[in-house]
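Residues per chain are reported as follows:
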Amino acid sequence: MKLKIAVLAGDGIGPEVTREAIQILKAVAEFGGHDFTFTEALLGGVAITAEGTPIPKATIATCLDSDAVLLGAVGDNKFNHLTPDKRPEAGLLQIRQELGGFANLRPCLAFNALSENSPLRPEVTKDVDILFVRELLGGLYFGQPRWWNKETGEAINTMRYTKAEVVRVARIAFELAQKRRKKLTQVDKANVLECSQLWRATVDELKSDYPDVTVEHQLVDSMAIHLMNTPRHFDVVLTENLFGDILSDESGVITGSLGMLPSATIGGKVNLYEPVHGSAPDIAGTGKANPLGAILTAAMVLRHSAKLEDAALAVEAAVAEVLAAGHRTADIARGNAAATVTTKQMGKLVHEALAQSLDREQSLHGV
Ligand code: IPM
Ligand code: MN
């Protein structure tokens, strides 16, 4: 299989974790005889520094000419003084728009080996397997009008959704639920917001097309509590842009670290893959970054773009194996210096575990 991957490593820890994710993809390509190519382009703060814009035209062209885009992270405190439309994050929001993916899949998978890392009790987080489907191109992030009038001291953002925007992302969530435990939780603030009422009514209308899926609605404030109290209750969680941003970060409490969370954005021209964590400029270059979010993101590239489900599962199993063997990056080490490895070492450990399992597989199949 052939796959052209655009790499936007970005700012802070982006480049170091992305490097490890690429090593994993290269290993899969080598073992499976696949042809994966990687083309780097600039996005975010590094693009502002080099080209004076967070998203150069060449970056957009490279991405649109690819089968998948692998992104590290964007954001750099150096640019905090700029207006929102000039900051690194503006580049991220624009590339999301250009690529057109509207369904941001954010799995929250609790690894048993990390059960002591969450402030939640192990019996609460055990076997949690949630898939957040976050709408990514609408709502407050993009709604017009938006402005801040510093003279009058007034600012406005607009939460706006059309029924069609809800339908297209809801259908993806329903279909994913059908392949999983057939439970869909739709999250909104329908007791206050008209937008949320539109979401609720639209999801209810679609229910009859997916009779095997059980649908429930939750208000976002109580969802924040349920997610901590009974995370195992949830299967697919569908929600709008901002609520999805917040709830998916909250789910990092279940996994023990935000550094463990991957994401994939599908439904547009080119799929976009990015770990949920940010650029973490405070630890950039120190070897403390956890590459597992990026590596699990690489697994999502294999699953959703390369359609190599077995390879995706092998990468996820390799991560589980390395964690079970006790290896930890700083964020998940709980002060255990003996278990602590660097970003690079963690990448190498996963690479080795993966190579061994792919080797075993090849000899089993006599290839
Ligand atoms: C995320 C991030 C972005 C978002 C920021 C960096 C614009 O927090 O991917 O969750 O809010 O979508
Ligand atoms: Mn976020």
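Above this note sits the structure.
Here we summarise the structure given alongside this text. (Residues numbered from 1 in each chain as written. Chains lettered and ligands numbered in written order. Predicted model: local features only at pLDDT ≥ 70, side-chain atom pairs only at ≥ 80, totals over all residues. Heavy atoms only, no water.)

1. Observations regarding helix α11 (residues 292-304)
Just so we agree on the cut-off: Numbering of helices and strands runs from the N terminus, with a helix taken as a DSSP run of H or I at least four residues long and a strand as a DSSP run of E at least two residues long. By this rule the span expected of a helix is its residue count minus one, scaled by 1.5 Å. Per-residue accessibility, obtained with a 1.4 Å probe over protein chains only, is compared with the maximum for each type, and a residue is labelled buried under 20%, exposed over 50%, and partly exposed between these values.
Its 13 residues place the ends of α11 18 Å apart at the C-alpha level, agreeing with the 18 Å of an ideal helix rising 1.5 Å per residue. Most of α11 sits inside the fold, with twelve of its 13 residues counted as buried. What α11 keeps buried is the set Leu292, Gly293, Ala294, Ile295, Leu296, Thr297, Ala298, Ala299, Met300, Val301, Leu302 and His304.

2. With respect to the site of ligand 1
The cut-off we apply is this: Any residue with a non-hydrogen atom lying within 4 Å of a molecule or strand is treated as near it. Whenever a nitrogen or oxygen atom comes within 3.5 Å of another N or O atom, the pair is scored as a polar contact, on the condition that within protein one atom can donate a hydrogen and the other can accept it, and that pairs from neighbouring residues in sequence are kept only if both atoms are in side chains. Accessible surface area values rest on a Shrake-Rupley calculation with a 1.4 Å probe, where residue burial reflects the displayed protein chains alone. Note on residue classes: Ala, Val, Leu, Ile, Met, Phe, Trp, Tyr, Cys and Pro are nonpolar, Asp, Glu, Lys and Arg are charged, and everything else, Gly too, is polar.
Every residue close to ligand 1 is listed here: Glu89, Leu92, Arg96, Arg106, Arg134, Tyr141 and Asp245. Within the contact set of ligand 1, an oxygen atom lies 2.9 Å away from a side-chain nitrogen or oxygen of Arg134. At a separation of 2.5 Å, an oxygen atom of ligand 1 approaches a polar side-chain atom of Tyr141. Taking 320 Å² as the accessible area of ligand 1 by itself, protein coverage stands at 76%. No other element matches the three residues that helix α4 (residues 88-99) contributes to the shell around ligand 1. A class-by-class count of the residues in the shell around ligand 1 yields two nonpolar, no polar and five charged.

3. Focus: the environment of Glu20
With respect to the element layout, Glu20 can be found in helix α1 (residues 14-32). Judged by relative accessible area, which is 7%, Glu20 ranks as buried.

4. Details of the pairing of strand β4 (residues 103-109)
Our working definition: In this description, strands pair whenever DSSP reports at least two bridges between them.
Most of β4 is tucked away: five of the seven residues are buried. As paired elements, β4 and strand β5 (residues 129-135) share seven bridges and run antiparallel to each other. In the strand pairing of β5, Cys108 is matched with Ile130. Sheet topology note: the β4/strand β11 (residues 264-266) ladder contains three bridges and is antiparallel. Note that in β11 the partner of Asn104 across the bridge is Thr265.

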